[in-house]
Amino acid sequence: MNETIILTLITIITAATPLVYASLGELVTERSGVLNLGVEGMMLTGAVCSFATVHYSGSATLGVLAGCLAGMALALLFAFLTLTLQSSQVATGLALTIFGVGLSALIGQSLVGIAFEGLPVLMPELARIPAIGKLLFGHDILVYGSFALVAATSWFLSRTRAGLVLRSVGDSHDAAHALGYHVIRVRYLATLFGGACAGLAGAYLSMAYTPMWVENMSAGRGWIALALVVFAVWQPGRLLLGAYLFGGISILQLHGQALGFQVPSQLMSMLPYLTTILVLVLISRDGGRIRRNAPASIGKAFHPTT
Amino acid sequence: MITLHRRASPSRTMGWFAPVIALGLTLLAGLILFAVLGVPLLKAFQAFFIDPVSTRYGLAELGVKAAPLIMIGVALSIGFRAQVWNIGAEGQLILGGICGAAVGLYFYEVDAWYVLPLMMLAGVLGGMLWAAIPALLRTRFNVNEILTSLMLTYVAALLLSYLVAGPLRDPDGYNFPESRLLHDAALLPRILDGTRLHLGAAIALGIVVAAWVLLSRTLLGFALRVNGAAPRAGTHAGFNQNRLIWFVLLAGGGVAGLAGLFEVAGPIGQLLTTISPGYGFTAIIVAFLGRLHPVGVFFAGLIMALSYLGGETAQIDLNLPLAVTGVFQGMLLFFLLATDVLINYRVRWGRR
Amino acid sequence: MIGVQQTTRYTGWIVHRKSQKPDLRPVVLELEQVQSVCSMTTTQSGADDQPLVVMCDITKAYPGCIANDAINLSLMPGRVHALLGENGAGKSTLVKILYGLLKQDSGTIHWRGRAVDIGSPAQARELGIAMVFQHFSLFDSLTVLENIALGMACDADEKLRQRIIEVSMRYGLPLDPDRSVYTLSVGERQRIEICRCLLQDPELLIMDEPTSVLTPQEVAGLFETLARLAGEGMAILYISHKLEEIRQICHEATILRQGRRVAVADPTVETARGLAALMMGDDVPVVHRQKNTVRNTVLLQLQHLSLVAPDRNAMTLHDICLSVHAGEIIGIAGVAGNGQDELMQAIAGEVSLAEADALLIEGKNAGHYSAGKRRQCGLCTVPEERLGHAAVPTMTLSENAFLTAHHRQPLRRFGLLSEGRSRAYAIQVIDQFKVQCNGPGSLAGSLSGGNLQKFIVGREILQAPSVLVVSQPTWGVDAGAAAAIHTALQQLAQSGSAVLVVSQDLDELMTITVRIAALCAGRLSEFHDTAAVTVNEIGMLMGGESLPAPDADRLASADGVAQ
């Protein structure tokens, strides 16, 4: 029984990690006032690029890096269109997802069906400790990295001057511009960070979660990540909680039948999506709360005409 | 460095030229893509843009593919005009297909005139039902419709896959996840002999005209445009925003559901685990490419349909992956969004 | 500009000025008489008294207009210098150049006699220039401390917190560093801006229309602070179009008109009327207080109207009662954010009211009517925000005419929109209200503020409403347009309509209304005869206090003023 609980917890961690990365990146992007709906596309492109790199180079490090860079490349495209060319953030985000889905399928056509042994455990010796060893130390570097990144982001946003500037740009770009801050530059950087995180999330999917490439393998996680940011009311700490909640629900779907639920697998698979909707309803019902916490200038184009 | 200078008023010329420039740039980028993939350019060009429409059958196929894109594209463009972002048309399409097919299967072997109209009604209602969920959540609980409508698309796909593997599975189908074939009275009549072009194409044209009148001539259409451009001005002038949201989502869902039924009762003829190659998503591109104008959407739908056909031909003739189509569509939308800047700004190179 | 005739009313604003005002020659110098500001100021003041800033021949052109045409400006330490001009005269452009937000096309800026190139606000701050904007550059979701830290090159730490408390105590600007800005009043927000500037120990403080959002009492407090700062040797550039306050606190004034400097004057000797003439040219528009044409019929009545705010950002309305009679204009004063928007929405029908009899139009219970139905009953409204609320910026004037007029005008045919009829109605509005534009096809967003406002007010007035409710009818509008709008409102009232004006501009309310009340924290004060109250008394109402019963003496003298 103990063994089952520990195994379940471990699978929850693996299911939650990509969500943590993707939503954390989007959180920072949104805090700067940019709404990037292309997370799904960036995740998929990151996933296929890291998998391809690992496959051809054999280096997991290069793979992670490639995923990161691929996400950033797409984010750069998004930033150029929305920030420099003033296109609609909603439409461009949708385009990024459609493009990312197609591009990843194109890149990955020859990689379908190839397996890969996955990322190595970071601390194999400690993982051999009975009972809790595997739960605490039996993970790869990206899992520990996700916790570190949440802590670092939280510190960055609330304690550093750069974080303050980023929040101010998201709150009112006109005021930030009037004080002499480079609104566009800050937003470029925040969007690129979001892309890098989405790419990492993708890399985790194709290198650790299910170490292979399947078309559309993110299965809506990019969109769930977007919902998580709302759920977390733009606070990194709450985001971690939300991601693990969702990880738990998606594990329920895998282990549902083992636990004795006589429900068709397709219906169990609906759970994460239905939960997302439910959570959004619960959090949005108090409109004032969203309005107080959401970056005030989110989704609005900024053109320094003065 | 690029700098932008806002025009005093949007350029009308650029409004027409921007999509053309975007198409040209997409072609150029496509040729580069083919070059990278090592495909002879001329052959690729021919496979993509000439071969598919060089026969009567091919042209009819263009209509078959364009009909759902145009229908949904028009419906979505009305919503986008009003800043209501229904991006779950794919799910509404699936629900329409499911409901319509379920009615058709219920009347299996019943040879009566009312079967098809009932199926169409069920298709519309199914799509509306699916779109009513985001509408309810948006108007009642202030939940962003982008995320809910999209989440429901995944739910719809899973529902379809469950139904064709379970309750709606063909009893004589050797456990394949597909329904029975619909009988003749439940199939859409063909409007061109020897092709698959069906009644749905004519209805799609009707929807284009109806949407045009709605947007340009009716108070409701005016209210939608105002709501999109300045929601507070709409409220002040007495337009009820929640009612507009309901209308837009129900209309979009209904049309998408009808398009789903057309797929099931038209080219496919039964329920499968996938009944659409992403028409609901591509329709988003169609709506933007058509500049959110019904007539523009009509032509945009034809272009996008060609990209589907071209992708299929290229897959057969040149052994290119079908994913090329998605890349093409994404690129087109990017270029379109990028060239839109020309409408409101003059673009200059160099410092401010 | 509007309050020109009522100079006596302002004597209530008492300012204790601590600095010694230097003697200025009591003259108004027309531009031709002045060779150049650069040389003038040095001759005026003592030889060792160097000007802090000299702007020479500053020119800045935009496509279609010259915002600044060879403007000279010289600022002395310890002096409050007024930059005076109408909306669009070029004041904002000039100070944005000085603060590094814009780059001049030609001309030079000298700081302490040294030519400088101010490329950014950061460079301006480095030199010692600080600026309080008209629209505050504040971040609602951040705390006072964080807001101040953003305006300076330092962290939001304990040291800064102490300095904020210190400065705010010293200059009478009470502030709690840990409050979030969205919880603060407009006056408190302005204190943050001023405090942020003072923490940088600037030598020059620029204030852009600082009093337009304050109550008279807050204005008096601000003036005390400014006088103290000038006394300590700071140069202050004070931008305004309010003549009385300039006469009170400024030592010298530069007057701009249509992008040119038309005069340098001594505001302490020049009359408000004289300054207005310089500011507006030959034809100073004058709006006369109308004859009282009040009739007995009540056309609009609010009975115990209450409205709970949907969230913390909005104001709850408490038990608001008023009645507007046929033929009268009544006014509601108040500082922004005290429930004006909510009241406007409740009256216009943008939010639904709980009680049907909370709002009566011509005696009919209309509380449950939609916005459209209320218009059909004869209630037309003009909200404060022109772009995006009263009009759709991306639509043409024809479409904007249709927007609210279709309820009362036959602008549809067979149920369908009639472009021809909308166009004809728009043309009618444009002609009658002299709206300058490229015809009914021009986009609402392309019009200047004054012209768009004339169009919007005209659109409602030509529908012959029995009740017109207007918020901020002349906010940010040039004097000519403001006078035209005021006259149109008066004519509407004379023709037997009831008019309610909600405004922050006391001058405006004093000029055109017959009764006046103030809105404070969602509560409406008693109405008083406008002719019988002073600005100071309205200030008390705006602050939520009630007035003592008026004595007969003052009523009599106020009557005299009103004629």
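Details of the structure are given in the entry above.
Residues numbered from 1 in each chain as written. Chains lettered and ligands numbered in written order. Predicted model: local features only at pLDDT ≥ 70, side-chain atom pairs only at ≥ 80, totals over all residues.

(A) A look at the overall build of chain B. Regarding its fold elements, chain B presents 14 helices and two strands. Against the 2.2 N^0.38 benchmark of 20 Å for 352 residues, chain B shows a C-alpha radius of gyration of 21 Å, consistent with a compact globule. Taken along the three principal axes of its C-alpha coordinates, chain B extends 70 × 60 × 35 Å. Counting every position in chain B, which comprises 352 residues, the buried fraction comes to 56%. Taking as baseline every contact in chain B between residues at least 6 positions apart, the subset at least 24 positions apart corresponds to 77%. (Helix = DSSP H or I, 4+ residues; strand = E, 2+ residues; numbered from the N terminus. Rg over C-alpha atoms; globule rule 2.2 N^0.38 Å. Buried ≥ 20, exposed ≤ 12 C-beta atoms within 10 Å, placed from the backbone. Contact = placed C-beta atoms within 7 Å.)

(B) Highlighting the interface of chain B and chain A. With 39 residues of chain B at the contact, the number on the chain A side is 40 residues. Those elements that place two or more of their residues in the side of chain B that touches chain A are strand 1 (2-6), helix 5 (115-141), helix 6 (145-165), helix 11 (279-289) and helix 13 (323-339) of chain B. Broken down by element, the side of chain B that touches chain A gets its largest block of residues, 11 residues, from helix 13 of chain B. Considering only residue class, the side of chain B that touches chain A consists of 30 nonpolar, seven polar and two charged. (Nonpolar A, V, L, I, M, F, W, Y, C, P; charged D, E, K, R; others polar.)

(C) Quick peek at the interface of chain C and chain A. Between chain C and chain A, the contact holds 23 residues from the first and 17 residues from the second. Examining the composition of the side of chain C that touches chain A, we find that three residues originate from one element, helix 4 (residues 144-150) of chain C, more than from any other. Across the side of chain C that touches chain A, the residue classes break down as 12 nonpolar, five polar and six charged.

(D) Inspection of the packing of helix 2 (residues 41-50) of chain B against helix 12 (residues 294-318) of chain B at higher detail. Residue and element names in this part refer to chain B. Put simply, helix 2 and helix 12 touch, their axes get as near as 7 Å, and they point 135° apart. In terms of axis orientation, helix 2 runs oblique to helix 12. Here the hand of the crossing between helix 2 and helix 12 comes out right-handed. Across the interface between the two elements, K43, A44, A47, F48 and F49 of helix 2 pack against L306, G310, T313, A314, D317 and L318 of helix 12. Taken together, the residues of the contact of helix 2 with helix 12 sort by class into seven nonpolar, two polar and two charged. (Axes fitted to C-alpha atoms, helices over the stretch in contact; angles between N-to-C directions. Parallel < 35°, antiparallel > 145°, perpendicular 65-115°, else oblique. Left-handed = near helix turned anticlockwise from the far one by under 90°.)

(E) Broad picture of the sheet that holds strand 6 (residues 114-116) of chain C. Residue and element names in this part refer to chain C. The four strands are arranged 3-2-5-6 in an open sheet whose pairing can be described as antiparallel. Looking along the sheet, the strands with just one partner apiece sit at the ends: strand 3 (65-75) and strand 6. The sheet shows a mean angle of 30° between the axes of neighbouring strands, taken without regard to direction. In terms of strand pairing, strand 5 (residues 106-111) meets strand 6 through three bridges, oriented antiparallel. Within strand 6, the residue paired with W111 across the bridge is R114. (Pairing = 2+ DSSP bridges.)

(F) Representation of the pairing of strand 7 (residues 129-132) of chain C. Residue and element names in this part refer to chain C. Both faces of strand 7 are covered, namely the face carrying I129 and M131 and the face carrying A130 and V132. One ladder, built from four bridges, connects strand 7 with strand 8 (residues 204-208); its direction is parallel. Across the sheet, residue I129 finds its bridge partner in strand 8, namely L204.

(G) Unusual backbone geometry, seen in detail. The phi torsion at V233 of chain A lies on the positive side, around 35°, for a residue other than glycine. Position of V233 of chain A relative to the elements: it lies in the loop between helix 11 (221-231) and helix 12 (236-255). Non-glycine residue Q83 of chain B carries a positive phi angle of around 60°. Locating Q83 of chain B in the fold gives a position in the loop between helix 3 (56-81) and helix 4 (89-106).

(H) Spotlight on the environment of T210 of chain A. Residue and element names in this part refer to chain A. Following the sequence through the fold, T210 ends up in the loop between helix 10 (183-209) and helix 11. Judged by the 15 C-beta atoms lying within 10 Å of it, T210 is partly exposed. Between the C-alpha atom of T210 and that of A115, which follows or precedes it by 95 residues, the distance is 9.0 Å. Beyond its immediate chain neighbours, meaning those up to four positions away, T210 contacts L205 and M217.

(I) Representation of helix 5 of chain B within the structure. All names here are of chain B. Helix length check: helix 5 (27 residues) gives 38 Å between terminal C-alpha atoms against 39 Å at 1.5 Å per residue, within 8%. The largest bend along helix 5 measures about 30° and falls at A131, with the proline P134 one to four residues further on. One or two steps after helix 5, the chain reaches N142, where phi turns positive at roughly 65°. (Expected span 1.5 Å × (residues − 1). Bend = angle between axes of the 7 residues up to and from the residue.)

(J) Seen up close, the packing of helix 3 of chain B against helix 12 of chain B. Residue and element names in this part refer to chain B. Taken N-terminus to C-terminus, the directions of helix 3 and helix 12 make an angle of 135°; their axes are 8 Å apart at the nearest point. Of the possible angle classes, the one that applies to helix 3 and helix 12 is oblique. Considering how the two elements wind past one another, helix 3 and helix 12 form a crossing that is right-handed. Across the interface between the two elements, E61, L62, K65, A66, L69, I70, G73, V74 and S77 of helix 3 pack against P294, V297, F298, A300, G301, L302, M304, A305, L306, Y308 and L309 of helix 12. When its residues are assigned to classes, the contact of helix 3 with helix 12 shows 15 nonpolar, three polar and two charged.

(K) Geometry of the environment of W212 of chain B. All names here are of chain B. Of note, W212 is situated in helix 7 (residues 199-217). Using a count of 17 C-beta atoms within 10 Å as the deciding quantity, one classes W212 as partly exposed. Spatially, the C-alpha atoms of W212 and I78 are 9.6 Å apart, while their sequence positions differ by 134 residues. With near-sequence residues (within four places) excluded, W212 lies in contact with P294 and V295.

(L) Expanded view of the nonpolar core. One finds L228 of chain A, M71 and I72 of chain B together with I206 and I236 of chain C to be the most contacted residues of the largest nonpolar core, which totals 401 residues. Ranked by residues supplied to this core, first place goes to helix 10 of chain A with 16 residues. Setting aside anything within four residues of it in sequence, one finds M71 of chain B in contact with A204, I207, V255, L258 and A259 of chain B. (Core = buried A, V, L, I, M, F, W, Y, C linked by C-beta atoms within 7 Å.)

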